[in-house]
Amino acid sequence: MQEFRNLKEYLDGRLKEVILRHTRNGCFETPEIPGFLVCNKQESREMCVLCHPCIGLTVQGFKHIIFGSEEYSYGENHVIVAGVDLPSESYITTSSADEPFLSISIELDRNLVAQLTAEMPAVIRPDTTTSRSVAVIEADERILDAFLRLALLLDNPADMQVLAPMIIREIHYRILQGANGQWLRAICSIGTSSNQVAQAVSWLQSHFKEPFLVDDLAHRVGMSPSSFFRNFKHMTGYSPLQFQKALRLYEARRLMLVQSSGVAGAAYAVGYESPTQFIREYKRLFGVPPHKDIRTRKASGSQS
């Protein structure tokens, strides 16, 4: 047992060293590996983002994240796996210049999960129930080692094209081998209710500006309206219409923060016909009207 504990500490220490060497304060995405993100955050603050499907390892610090009605707190040597696109609010709860929040993440590849599942049928069995959209697990030595080898490729960019896909495949395989493997398989396997909801989420992400009927979306993914509504809310924490509304409001907040769009311009850009309705729903979701929210966030340096 002591040997494993020392190995874990060694791997964690090497990961911290590599991340600190390649980042200052912020997040760094490697152009050679799409979706590979290394973060070093020295300030504890709220972040409201659209969380894309990912596998993320916390190397140092603690974080609290909210997806719809679900909340998760996790810290060093924990992996968060997000199976679908979800609006989220996250709070780094411990961070400083001396001990910044450090993390490393990769994009979750659903096609790779489906491929690996087909190659290991004896390990992962079918699941017909609808899963939650997020799981938090403790990283073992094998997962830490794989993330370390991926991070070390930052020192050798010439090796990335050949070695990175193999390591990313291994990380997906390790997650599938673990206690949450069946959960992940359900989201990525055609024919499961979790996968049908994931398809609906992807459609809404691409069409959130457009009006839609819940019954039509249910039929699009091959579910009855009642089953679709129940499973969608179970998996995401939102009803389909609430989910669309959240996507619109988070995108509008991003436009106002990052692109300095006006309130009316942001409202129309995300599909609202009435700025008054937009302001009312924005305040209901975020607690304050958009003008005040954006002014406060720009003053504090928070980004969406």
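Structure: see above.
Position numbers for residues start from 1 in each chain and track the written sequence from start to end. Since the coordinates come from a predicted model, pLDDT governs what is reported: local features require at least 70, and pairs of side-chain atoms require 80 or more to be given and counted, while whole-chain, interface and lining totals use all residues. Hydrogens and water are ignored here; the side-chain numbers use all heavy atoms of the structure.

Undergrad: Is there a simple way to explain the overall build of the chain in this structure?
TA: Check the secondary structure of the chain and you find 12 helices and 10 strands. What you see for the chain is a C-alpha radius of gyration of 20 Å, in line with the 19 Å of a compact globule of 304 residues. Projected onto the principal axes, the alpha-carbon positions of the chain cover approximately 60 × 50 × 35 Å. Between buried and exposed lies partly exposed: a residue is buried under 20% and exposed over 50% of the maximum accessible area for its type, with that area taken using a 1.4 Å probe on protein chains only. For the chain, the proportion of its 304 residues judged to be buried stands at 49%. Exposure was quantified through the Shrake-Rupley algorithm and a 1.4 Å probe, taking into account, for residues, occlusion by the shown protein chains and nothing else. Accessible surface, the chain as shown: approximately 14,400 Å² in total, 52% of it carbon and sulfur. The charged-residue count follows a simple rule in which Lys and Arg add positive charge and Asp and Glu add negative charge, with His and chain termini not counted at all. A charged residue contributes its charge at one atom only: NZ of Lys, CZ of Arg, CG of Asp or CD of Glu. Put simply, the chain has 32 plus and 33 minus side-chain charges, and the middle of one group is 7 Å from the middle of the other. Helix and strand assignments come from DSSP, with helices taken as H or I runs of at least 4 residues and strands as E runs of at least 2, each series counted from the N terminus. It is over C-alpha atoms that the radius of gyration is taken, and the globule rule equals 2.2 Å times the number of residues to the power 0.38.

Undergrad: I would appreciate a short explanation of helix α5 (residues 181–188) in the present structure.
TA: For an α-helix the count is 3.6 residues per turn, leaving residues at separations of three or four pointing the same way. In terms of residue burial, α5 counts as a mostly covered element, since 7 of its 8 residues are buried. Of the positions making up α5, those classed as buried are G181, W183, L184, R185, A186, I187 and C188.

Undergrad: I would appreciate a short explanation of the packing of aromatic side chains in the present structure.
TA: Think of a pair of aromatic rings as described by two things: how far the centres are apart, and how the planes are tilted against each other in angle. We call Phe, Tyr and Trp rings a pair once their centres come within 6.5 Å, taking the six-membered ring for Trp, and we label the pair stacked below 30 degrees between planes, edge-to-face above 60, and tilted otherwise. Tallying each qualifying case throughout the model produces 8 aromatic pairs. Plain terms: the ring middles of W203 and F212 are 6.2 Å apart, the flat faces sit at 65° to each other, and that makes the pair edge-to-face. Accessibility expressed as a relative area gives 16% for W203, which makes it buried. Centroid distance Y272 to F278: 5.4 Å. Interplanar angle 65°. Geometry classified as edge-to-face. Of the two residues, Y272 and F278, both sit in the buried class. Here the guanidinium or amino end of R253 rests over the ring plane of F286, the centre of that ring lying 3.6 Å away. For a lysine, the NZ atom is tested; for an arginine, the CZ atom; a charge sits over a ring if that atom is within 6 Å of the ring centre and within 35 degrees of the ring normal.

Undergrad: Can you walk me through the pattern of salt bridges in this structure?
TA: Proximity of charged atoms lets side chains of opposite charge pair with each other. Salt bridge, as applied in this entry: a Lys or Arg side-chain nitrogen positioned within 4 Å of an Asp or Glu carboxyl oxygen. Per the counting criterion, the structure on display carries 15 salt bridges. In this structure, E17 engages R21 in a salt bridge whose closest nitrogen and oxygen atoms are separated by 1.9 Å. Within this pair, E17 and its partner R21 are both found in helix α1 (residues 2–22), separated by 4 residues, close to a single helical turn. The class of R21 is partly exposed, set by a relative accessible area of 36%. D293 serves as the salt-bridge partner of R253, at 3.0 Å between the closest nitrogen and oxygen. Note that R253 is positioned in helix α9 (residues 240–258) and D293 in helix α12 (residues 290–300), a separation of 40 residues in sequence. By sharing partners, the salt bridges in this structure join R14, E17, R21 and D155 into a single network.

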